[in-house]
Amino acid sequence: MIGRIIARSARNLVLVFFATALIVAAGVWSLRSLPIDAIPDLSDVQVIVLTDYPGQAPQVVEDQVTYPLTSAMLTVPRSRVVRGFSFFGISFVYIIFEDGVDPYWARSRVLEYLNAAAARLP
């Protein structure tokens, strides 16, 4: 079968060159018309809330800052994971959102819930 394809291609060189030119033209057109990102961003949409509470021990930061913020951020719409970390005088709360969430939308929702939780913070 492959031998017959090669034999027919050798006999019809004009048709082979025409098909090759057509395929190359289709490839160039596809390459120019497709929106390709050079470095795709495969990371999750996340918002990080950094809070300073200078001079406080990690347990105090956990009890007074990290826990209230984490519990408030659990109700943010379309959030997938909420994680809180406490260190000496500093707190991190990571809110990871579902796939397809716009980063601006995520930041604005976190800001809304952060303003609501501000009354419970020292």
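Since this is a predicted model, take the numbers as computed values, not measurements.

K.L.:
Sorry, what's going on with a nonpolar patch on the surface here?
P.N.:
Together, Leu15, Phe18 and Leu22 make up an exposed nonpolar region whose accessible area comes to about 360 Å². Residue placement: Leu15 occurs in helix H2 (residues 13–33).

K.L.:
Help me understand the packing of helix H3 (residues 58–73) against helix H4 (residues 103–117), please; the structure alone is not making it clear to me.
P.N.:
Describing two packed helices takes the angle between their axes plus the distance from one axis to the other. In the contact formed by H3 and H4, the axes pass within 10 Å of each other and the chain directions differ by 130°. Between H3 and H4, the interaxial angle falls into the category oblique. The two elements H3 and H4 meet at a crossing, and its hand is right-handed. For the pair H3 and H4, the contacting residues are Leu69, Ala72 and Met73 in the first and Val110, Tyr113, Leu114 and Ala117 in the second. Considering only residue class, the contact of H3 with H4 consists of seven nonpolar, no polar and no charged.

K.L.:
So what exactly am I meant to see when it comes to the nonpolar core here?
P.N.:
Inside soluble globular proteins, nonpolar side chains tend to come together where they are buried. If you look at the biggest cluster of nonpolar residues, it comprises 18 residues, and the most contacted ones within it are Met73, Val93, Ile95, Phe97 and Val110. Broken down by secondary-structure element, the contributors of at least two residues to this core are strand S1 (46–52), H3, strand S3 (90–97) and H4. Among the elements that make up this core, the one with the highest residue count is H3 (five residues). Other than its neighbours up to four places away in sequence, Ile95 contacts Val45, Gln46, Val47, Val49, Met73, Ser79, Val81, Val82 and Val110.

What counts and how
Residues numbered from 1 in each chain as written. Predicted model: local features only at pLDDT ≥ 70, side-chain atom pairs only at ≥ 80, totals over all residues. Heavy atoms only, no water. Patch = residues over 30% accessible without salt bridge, like charges linked within 9 Å, V, L, I, M, F, W, Y side chains within 5 Å. Areas by Shrake-Rupley, 256 points an atom, 1.4 Å probe, with all protein chains shown as cover. Salt bridge = Lys/Arg side-chain N within 4 Å of Asp/Glu carboxyl O. Helix = DSSP H or I, 4+ residues; strand = E, 2+ residues; numbered from the N terminus. Axes fitted to C-alpha atoms, helices over the stretch in contact; angles between N-to-C directions. Parallel < 35°, antiparallel > 145°, perpendicular 65-115°, else oblique. Left-handed = near helix turned anticlockwise from the far one by under 90°. Contact = heavy atoms within 4.5 Å. Nonpolar A, V, L, I, M, F, W, Y, C, P; charged D, E, K, R; others polar. Core = buried A, V, L, I, M, F, W, Y, C linked by side-chain atoms within 4.5 Å. Buried < 20%, exposed > 50% of the residue type's maximum accessible area, 1.4 Å probe, protein only.

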